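Chain by chain, the residues:
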Amino acid sequence: MKLKFFSREHTKTPYIQLDTRKCKACWKCLGDCPGQAIQKIDFAWHKHALIAAPAQCIGCLKCVKACEYEAYSKVDVMKKETTKRKNKVLYVFIVNSLLMLSGVLMAISGLVLQFGFHIGNSGEQHGGEIRTHVDNYEHVRGLDIFDTIWGINYSNWSFLHKFAIVVFSLLMMYHIFIHWKWYKMIINKHLASKNIQVILLSVFFLLVAVTGFVPWFIDLSGGNSMLRLILIELHDKLALVLVIYLTLHIVRRYKWFISTYTKLKNRN
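Basis of the calculations
- Residues numbered from 1 in each chain as written.
- Predicted model: local features only at pLDDT ≥ 70, side-chain atom pairs only at ≥ 80, totals over all residues.
- Heavy atoms only, no water.
- 1 Å grid on protein atoms, 1.4 Å probe; cavity = no way out; pocket = protein on both sides within 12 Å on 5 of 7 lines; lining within 4 Å.
- Points joined across faces, edges and corners; volume = space filled by probe spheres on them.
- Nonpolar A, V, L, I, M, F, W, Y, C, P; charged D, E, K, R; others polar.
- Helix = DSSP H or I, 4+ residues; strand = E, 2+ residues; numbered from the N terminus.
- Pairing = 2+ DSSP bridges.
- Salt bridge = Lys/Arg side-chain N within 4 Å of Asp/Glu carboxyl O.
- Buried < 20%, exposed > 50% of the residue type's maximum accessible area, 1.4 Å probe, protein only.
- Core = buried A, V, L, I, M, F, W, Y, C linked by side-chain atoms within 4.5 Å.
- Contact = heavy atoms within 4.5 Å.
- Expected span 1.5 Å × (residues − 1).
- Axes fitted to C-alpha atoms, helices over the stretch in contact; angles between N-to-C directions.
- Parallel < 35°, antiparallel > 145°, perpendicular 65-115°, else oblique.
- Left-handed = near helix turned anticlockwise from the far one by under 90°.

Before going further, it helps to examine empty space enclosed by the protein. Per the counting criterion, the structure on display carries four cavities of 30 Å³ or more. Estimates place the volume of the largest cavity at around 120 Å³. A class-by-class count of the residues in the lining of the largest cavity yields eleven nonpolar, four polar and one charged. Lining the second largest cavity are 14 residues, and of these Cys26, Trp27, Cys29, Cys67 and Tyr72 lie nearest its centre. Secondary-structure elements contributing two or more residues to the lining of the second largest cavity are helix H1 (28-32) and helix H2 (62-66). Considering only residue class, the lining of the second largest cavity consists of twelve nonpolar, no polar and two charged.

Here it is, written out as structure tokens:
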């Protein structure tokens, strides 16, 4: 069997860690290990103990007591747990920050598309030229796709909106997944009325996602254009409500963002 001399998994268990540089190959630890987790590397040019079976370590610490060269040391469980908690906070902060940024981009690009490019009449003149060469979807909805807002045209705004929707949807689904126990808890304990804002935000997100992605798939597959148009109109109306709830949620959570950012900054 080929042993990985420098693999971290063979120098550490949940209870002890081994510094092979301090090991003098006296082998006292081998006989004292009840779980037989320790083996040895015994070449003429390379000798030291090795934690060959970390899972068999029971945390008795006999190896720590047996080694007079202090090659073994006890793992600081409290420090390890503290580090895990801090890393989890950082991870959650990153996910929530990306959710907020993608949500803001999704809302802004959606509002620009919904209100900025509407001209009310697809035959209206723009810059002295009648726009007649437009897609049926843009024609029916009366969108001036040749205009620009903040220097960005309709096509690029549409791309930004779709990009933001995909990123936000993936993050939101993951967010709901990792908080699924919380959703079950508030339902089982009848706490829905106290968390109505978050529940409605989740419901409207699902409705907006469905009415947004289905027309996209219909367009890609060349399906029923009338059904696509109806779903897009419904999507636009639901999205306005979602933006309101998303704004309220961000406002309600802004103190958490500030305090968590401060803690993470001080940590570094």
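Okay, back to it.
Summarising the sheet, strand E2 (residues 38-43) and strand E3 (residues 46-51) pair through six bridges and their orientation is antiparallel. Each bridged residue has a counterpart across the sheet, and for Ile38 the counterpart in E3 is Ile51.

Position of Leu170 among the secondary structure elements: in helix H5 (residues 154-178). Note: C-alpha distance between Leu170 and Leu99 (71 residues apart in sequence) is 9.3 Å.

To continue, consider the pattern of salt bridges. According to the stated counting rule, one finds four salt bridges in the structure shown. A salt bridge links Glu68 to Lys28, with the shortest nitrogen-to-oxygen separation between them at 2.8 Å. Taken as a pair, Glu68 in the loop between H2 and strand E4 (72-74) and Lys28 in helix H1 lie far apart in primary sequence, 40 residues in all. Overall, Glu68 belongs to the exposed group, its relative accessible area being 52%. Assessed through its relative accessible area of 43%, Lys28 is described here as partly exposed. Lys47 serves as the salt-bridge partner of Asp42, at 2.5 Å between the closest nitrogen and oxygen. Exposure remark for Lys47: the relative accessible area of 41% places this residue in the partly exposed category.

Counting residues in each nonpolar core, the largest one holds 20 residues, and the members touching the most others are Met106, Phe168, Met172, Phe205 and Leu242. Breaking this core down by element, the ones donating at least two residues are helix H3 (77-116), H5, helix H7 (196-221) and helix H8 (225-267). Those residues in contact with Leu242 that sit more than four places away from it in its chain are Met106, Leu201, Phe204, Phe205 and Val208. Core analysis: the second largest hydrophobic core is formed by 14 residues, Leu18, Ala49, Cys67 and Ala71 among them.

Right, let's get into H5. Helix length check: H5 (25 residues) gives 36 Å between terminal C-alpha atoms against 36 Å at 1.5 Å per residue, within 8%. Listed in full, the buried residues belonging to H5 are Tyr154, Trp157, Ser158, His161, Ala164, Ile165, Phe168, Ser169, Leu171, Met172, His175 and Ile176.

A separate point is the packing of H5 against H7. The N-to-C vectors of H5 and H7 enclose an angle of 135°; their axes lie 11 Å apart at closest approach. In terms of axis orientation, H5 runs oblique to H7. Relative to H7, the crossing made by H5 is left-handed. Between H5, through Lys162, Ile165, Val166, Phe168, Ser169, Met172, Met173 and Ile176, and H7, the contact on the second element is made entirely by Leu201, Phe205, Phe213 and Trp216. Of the residues that constitute the contact of H5 with H7, the class distribution is ten nonpolar, one polar and one charged.

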